[in-house]
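# Descriptive analysis of the structure
Here are the chains, one letter per residue:
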Amino acid sequence: MGSINAPGYNAIIYMTYVFLLFTGLLLAWKYGKQSNFLSSNNTQRGLPLAVNFIASAMGCGILTTYAQIGNVSGLHGLLVYTLSGSLPILMFASVGPLIRRKCPEGFVFTEWVRQRYGIVTSLYLSFFTCLTMFLFIIGELSAVRGAIETLTGLDALAAVIVECVVTTIYTSFGGFRVSFITDNFQGALVIILVIICAAGMGSYINIDTSQVDPSGLLKANKLGWQLVWILPVAIFTNDCFMAGFWLRTFASKSNKDLWIGCSIAAFVTFVICTLVGTTGFLAVWSGDLTVGDENGYNAFFILLAKMPAWLSAFVLIFVICLSTCTLDSLQSAMVSTISNDVFRNKLKMIWVRGLVVLVIIPCIVLAVKVADDILQIYLIADLVSAAIIPSIFLGLTDRAFWFLRGIDVMIGGLGALLGVFVFGTVYYDSAKEGGKLMLIWNGLYNSEDWGPFGAFTVTFCGGVIFALLFAGLRIGLIYMFCRATGSEFRALEKKELILDITHEESPSADDHSIRKVSSQDV
């Protein structure tokens, strides 16, 4: 690509990693402390939060996934995807204050689940949370490998390994605090990249206007309407598994700062992802791809090949920095979750640092061996989250669902996943195809296949239905047992007691002075 040779690309790649390692270690030395290794509650204002949420919502995978949907479903599908990817950020501003009020000393979502549903349910959610972040780490490593190889033509295996080593070294020293600062750097890079690439494509890409209307990419389509349901369900629920978002939610100095940060981040994320996704149909109009092309995910890089070599070098540096910052965020979030949920933050710091190293090893192996389809990885995580999260969220309102217990929501989530298998077996008339549907094996972007639409409907609705049905069964059995033995029936009692946990008056404690704890919390 361009006039840069292999040694030149290698120099760019590894000098970038050296710079990132030096920067990360410098930040760890200056800002990293044991007190903020796992979290930084009540410390961040609106603008830094906004940049962090932007960075957390984007890895270098955005350069392929959004371009692919633009190529397959045009503007309709792209806008559905970008809105579905950006609006969930506002969920943390709306639900975050409630979670913080109910669980002021926590810093991840699973801590509230532990308080509301108990230890077993918390560990159940922690398992799927860590599994999701594990899959996202694999996806990110696969994405950066594909991006480097597409840009340079080189084998990027060594670069991926070096990236893992770099992030592991400085994250093990600095933890979440360093991840927060590097995300500010990453967010700025995203904005710079979009501005430069937009200017470059406007200057060097020739669009055949006669191809715009025949392509049909500006028209509504069946796949676009299917995605109106699938993507919001998938992304809204999946974001709840991303501990990095919750760490940043708890890091906000006040609810106002959280709203400011999330609002800015949602808007900027929408704009950036939409601009990146337009390459999917610009490549069609320029004659480089066809609609639904199997190389549609490479549209951004195909158009980039027409631009000057210096721009390719800049994008290469950007991709590496973007991926590195995303990877360290996932690592720190995963370690914070494990330390909090499994070890209750009682591990010595040396062992916590060791966790950073431990979690990355299997990720490297799997990213190298089996992770060929980035979108496939994300879809598996999305389906799992759509099954589990809705029933757990019922517990946010004690007025309507105070009777729910941990066993109810666990059965609800697992029952919903089983429901996908049953639905797939019936829909495809094959148990094998039903099993493949649980992994969204046949992909998402096929307007003639209603299997994925049905799968996300079954998980989202089925999780709630199974949870409520099991709760009714459980309460009914308890009632019959109490009638038979003469015991007092208390399964539907609703008790509340007020724990005064008044903090010293400060801007960060405006909503933490009193917490209500329901009977199932104690």
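Before reading further, recall that the structure is shown in the block above.
For the structure given in this document, a descriptive report is provided here. (Residues numbered from 1 in each chain as written. Predicted model: local features only at pLDDT ≥ 70, side-chain atom pairs only at ≥ 80, totals over all residues. Heavy atoms only, no water.)

### Let's talk about the overall build of the chain
Within the chain, the regular secondary structure consists of 20 helices and two strands. Seen along its three principal axes, the alpha-carbon backbone of the chain occupies a region of about 85 × 60 × 40 Å. Considering only contacts in the chain between residues 6 or more positions apart, those separated by 24 or more positions represent 83%. Here the chain displays about 21,200 Å² of accessible surface, and carbon together with sulfur accounts for 67% of that area. Between the averaged position of the 32 positive side-chain charges in the chain and that of its 34 negative side-chain charges there is a distance of 10 Å. (Helix = DSSP H or I, 4+ residues; strand = E, 2+ residues; numbered from the N terminus. Contact = heavy atoms within 4.5 Å. Areas by Shrake-Rupley, 256 points an atom, 1.4 Å probe, with all protein chains shown as cover. Lys, Arg positive; Asp, Glu negative; His and termini not counted. Charge placed at Lys NZ, Arg CZ, Asp CG, Glu CD.)

### Examining the pattern of salt bridges
Under the definition given, this model contains nine salt bridges. We note a salt bridge from E111 to R344, for which the minimum N-O separation is 3.0 Å. Here E111, found in helix α5 (residues 109-117), pairs with R344, found in the loop between α14 (309-341) and α15 (349-369); they are 233 residues apart in sequence, far enough to count as distant. According to the relative accessible area criterion, E111 is buried, its value standing at 14%. Salt bridges sharing common partners tie together R145, E149 and D155. (Salt bridge = Lys/Arg side-chain N within 4 Å of Asp/Glu carboxyl O. Buried < 20%, exposed > 50% of the residue type's maximum accessible area, 1.4 Å probe, protein only.)

### A closer look at the packing of aromatic side chains
Scanning the model with the defined rule gives 22 aromatic pairs in all. A centroid spacing of 4.9 Å and a plane angle of 75° characterise the contact between F92 and W246, whose relative ring orientation is edge-to-face. On the criterion of sequence distance, the pair formed by F92 in helix α4 (residues 88-102) and W246 in helix α10 (residues 243-251) is long-range, its members being 154 residues apart. Judged by relative accessible area, F92 falls into the buried class, the value being 0%. Residue class for W246 comes out buried when judged on its relative accessible area of 1%. A centroid spacing of 5.2 Å and a plane angle of 45° characterise the contact between F281 and W285, whose relative ring orientation is tilted. Of this pair, F281 and W285 both sit in helix α12 (residues 279-285), four residues apart, roughly one helical turn. Residue F281 is classed as buried on the basis of its relative accessible area, which comes to 5%. Taken together through their ring pairs, the aromatic side chains of F53, F92, F109, W112, Y117, F245, W246 and F393 make up a single cluster. Taking NZ or CZ as reference, R116 lies 4.6 Å from the ring centre of Y117, over its face. (Phe/Tyr/Trp six-rings, centres within 6.5 Å; stacked < 30°, edge-to-face > 60°. Lys NZ or Arg CZ within 6 Å of the ring centre and 35° of its normal.)

### Section: helix α7 (residues 157-204)
In this model, α7 (48 residues) spans only 31 Å end to end at C-alpha, well below the 70 Å of a helix rising 1.5 Å per residue. If you look at α7, its biggest bend is around 115°, right at G175. (Expected span 1.5 Å × (residues − 1). Bend = angle between axes of the 7 residues up to and from the residue.)

### Notes on α5
Burial runs high along α5: nine of the nine residues are buried. Restricting attention to buried positions, one finds in α5 the residues F109, T110, E111, W112, V113, R114, Q115, R116 and Y117. Positive backbone phi, at 110°, marks G118, one or two positions downstream of α5.

### Re unusual backbone geometry
In the Ramachandran plot, R344 falls in the positive-phi region, its phi being about 55° despite a non-glycine side chain. On the basis of relative accessibility, which here comes to 28%, the residue R344 falls in the partly exposed class. Its identity is not glycine, yet D429 carries a phi of approximately 55°, on the positive side. Topologically, D429 is positioned in the loop between α18 (406-428) and α19 (431-437).

### Some remarks on the environment of K348
Along the polypeptide, K348 turns up in the loop between α14 and α15. K348 sits in the exposed class, given a relative accessible area of 61%. Through-space distance from the C-alpha of K348 to that of S126 is 21 Å; in sequence the pair is 222 residues apart.

Coordinates in, geometry out; function isn't part of it.
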